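One-letter residues, chain by chain:
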Amino acid sequence: MTWSYNVNCKEARPLIDGYVDGELDLVRSMEVESHLEDCGSCLQTLKSRKALRSLVRSASLRFDAPRGLENRVLAAARKEGKSNMARPESRWRRFSSSPMLAFGTAGVAFLAYLGWNVFRFTPGSVGQDRLAEEVVSSHVRSLQANHLFDVVSTDQHTLKPWFSGNLDYSPPVVDLADRGFPLSGGRLDYLDGRPVAALVYRRRQHVINLFVWPSGTGAAEQSGEPETGLRRGYHTIFWSQAGMIFDAVSDVNIADLREFTRDVLERTGQNAFVCFALNVRSGKEALVSSDL
Amino acid sequence: MEKEMAQITDMPIGTVMSRLARAGGRLQQSLSGDE
């Protein structure tokens, strides 16, 4: 460790976070800076704190708590409530009102929050998280801006060619009117950095947007069980099937949306094959998938 | 931010900063996997 003018490592270390956050006054900032010039190990700390900072920043700020967390918290609170009622002047009571606990709790909550965010920072999950956010935003926008449809049609044989003409793939289009989800139109939307097909279904007064696009590379490459999510009051169900990603989003209750998902899965499956032709003009092979 | 924390919790700002530094260190450690 090299000698420095104003502060040594022991003094500088706690200041590095404040320095990274721009919280230090000028004099202290300069002290830290002059120390950093001389001290490789503190410089390393600075670099890793900056990395940590950008990691936390780049993760989406919205996420769903793990399943069961709510129940566990409620159960713990009930238990706590009972024992508090039994001994109203317990030591816990007095302790719980101290600022110490408030700070501790805030700290734990903050770290848990950071930890959870960063824990999710595997490329797949953040990609997916961001995607889920995008999907809900598109859904909301489609309802707000009076831009629900590019084509109003309840006929799958009108919609399908329209999509094929406007996209470089052909999404499966099925009508589910007999299942209580009448198809009412379609539009082009933009998700995951590409134009996608948005199919609009109705359930009573509710709108269901079903986004469909080919599973390319990266975050979208997922298959198997439909994944449900809840975001800003909208339910989402995400699944992939026969080389396509499906994302259904709506404010209908989750049971209805599950039913919808089952119906889509079943109906597209019935079509014997769900084909998606990658743009033949671009020279890519046309793919026909029947592994349902 | 640190100043507000110190005011709210009625703690010296040095304490807030050193605790934040320690917490940040632990977070980083647990994330990089070497406990």
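The structure we're discussing is the one just above.
Along each chain, numbering runs from 1 in the same order as the chain's sequence is written. Chains and ligands are labelled sequentially in the order written, the chains with letters from A and the ligands with numbers from 1. In keeping with the model being predicted, local features are shown solely for residues with a pLDDT of at least 70 and side-chain atom pairs are shown and tallied solely at 80 or more, while totals for entire chains, interfaces and linings include all residues. Side-chain metrics in this entry use all non-hydrogen atoms of the structure; hydrogen atoms and water are not considered.

Caption draft 1: Representation of the overall build of chain A within the structure. Comment: elements are numbered from the N terminus, with helices defined as DSSP H or I runs of at least four residues and strands as E runs of at least two. Tallying secondary structure elements over chain A gives nine helices and nine strands in all. Throughout this description, buried means an accessible area under 20% of the type-specific maximum (1.4 Å probe, protein chains only), exposed means over 50%, and partly exposed covers the range between. For chain A, the residues scored as buried account for 38% of the 292 residues in total. When the accessible surface of chain A is summed, it comes to about 16,500 Å², and 56% of that surface belongs to carbon and sulfur atoms. Throughout, the Shrake-Rupley method with a 1.4 Å probe supplies accessible areas, and for residues the shown protein chains are the sole cover considered.

Caption draft 2: The arrangement of the overall build of chain B in detail. Within chain B, the regular secondary structure consists of two helices and zero strands. Looking at chain B as a whole, 29% of its 35 residues are labelled buried.

Caption draft 3: Inspection of the packing of aromatic side chains at higher detail. Residues and elements named next belong to chain A. Ring geometry is summarised as follows: Phe, Tyr and Trp rings, the Trp one being its six-membered ring, pair when their centres sit within 6.5 Å, and such pairs are stacked at plane angles under 30 degrees, edge-to-face over 60 and tilted between the two. All told, the structure shown has four aromatic pairs over all chains when counted by the stated rule. On the basis of an interplanar angle of 70° and a centroid distance of 5.0 Å, the ring pair of Y201 and F260 is categorised as edge-to-face. With Y201 in strand β3 (residues 194-203) and F260 in helix α9 (residues 254-270), this pair connects stretches of sequence that are 59 residues apart. Assigned by exposure class, Y201 and F260 land together as buried. Members of the aromatic cluster, each reached through a chain of ring pairs, are F181, Y201 and F260. Charges are assigned to positions over rings by a cutoff of 6 Å between ring centre and Lys NZ or Arg CZ, combined with an angular limit of 35 degrees from the ring normal. The ring of F181 carries R203 above its face, with NZ or CZ at 4.2 Å from the centroid.

Caption draft 4: Structural context of the pattern of salt bridges. Residues and elements named next belong to chain A. A pair is scored as a salt bridge if a Lys or Arg side-chain nitrogen falls within 4 Å of a carboxyl oxygen belonging to Asp or Glu. Scanning the model with the defined rule gives 12 salt bridges over all chains in all. Between D17 and R49 there is a salt bridge; the shortest N-O distance is 2.6 Å. Separated by 32 residues along the polypeptide, D17 in helix α1 (residues 9-20) and R49 in helix α3 (residues 40-58) bring together distant segments of the chain. Owing to a relative accessible area of 13%, D17 belongs among the buried residues under this scheme.

Caption draft 5: Inspection of the interface of chain A and chain B at higher detail. Taken together, the contacts link 19 residues of chain A with 15 residues of chain B. Here the buried area means the combined drop in accessible surface, using a 1.4 Å probe, for two parts upon being joined, counting both sides. For the pair chain A and chain B, the two sides together bury roughly 1,500 Å², of which 69% comes from carbon and sulfur. Summed over the shared surface of chain A and chain B, the number is zero salt bridges. Polar contacts here mean pairs of N or O atoms no more than 3.5 Å apart (in protein, one a potential hydrogen donor and the other a potential acceptor; neighbouring residues in sequence count only if both atoms are side-chain atoms). Run the count over chain A and chain B and you get two residue pairs in polar contact (both at pLDDT 80 or more). At the level of secondary structure, the elements contributing two or more residues to the side of chain A that touches chain B comprise α1, α3 and α6 (99-119) of chain A. With seven residues, α6 of chain A is the single largest residue contributor to the side of chain A that touches chain B. Two residues qualify as a contact provided that any one of their heavy atoms is within 4.5 Å of a heavy atom in the partner residue.

Caption draft 6: How the structure looks around the nonpolar core. For this analysis, a nonpolar core means a set of buried residues of the types Ala, Val, Leu, Ile, Met, Phe, Trp, Tyr and Cys, connected via side-chain atoms within 4.5 Å. Among the nonpolar cores identified, the biggest contains 38 residues, and L199, Y201, L210, F211, W213 and F260 of chain A are the most heavily contacted of them. Grouped together as the second largest cluster of nonpolar side chains are 11 residues, C9, L36 and L46 of chain A together with M17 of chain B included.

Caption draft 7: Structural view of the pairing of β3 of chain A. All names here are of chain A. Of all 10 residues that make up β3, seven are buried, and the element is covered over most of its length. Both strand β2 (residues 183-191) and β3 contribute to a ladder of eight bridges, which runs antiparallel. Residue pairing for β3: L191 is matched across the bridge by R194. Adjacent in sequence and paired antiparallel, β2 and β3 are bridged by two residues, among which D192 carries a positive phi angle near 55°. Pairing between strands requires that DSSP locate at least two bridges from one strand to the other. Relative to strand β4 (residues 206-214), β3 runs antiparallel, the two being bridged by seven bridges. Within β4, the position partnered with A197 by the bridge is V212. Linkage of β3 to β4, two consecutive antiparallel strands, is achieved through a turn of two residues, within which R204 is found at a positive phi near 45°.

Caption draft 8: Spatial organisation of the environment of E134 of chain A. Locating E134 of chain A in the fold gives a position in helix α7 (residues 123-144). Separated by 58 residues in sequence, E134 of chain A and D192 of chain A place their C-alpha atoms 7.8 Å apart.

Caption draft 9: Representation of the side chain of N209 of chain A. All names here are of chain A. Locating N209 in the fold gives a position in strand β4. With a relative accessible area of 0%, N209 lands in the buried category. Within polar-contact distance, the side chain of N209 engages the side chain of R187 at 2.9 Å. Beyond its immediate chain neighbours, meaning those up to four positions away, N209 contacts H139, S142, L148, R187, A198, L199, V200, D247, A248 and V249.

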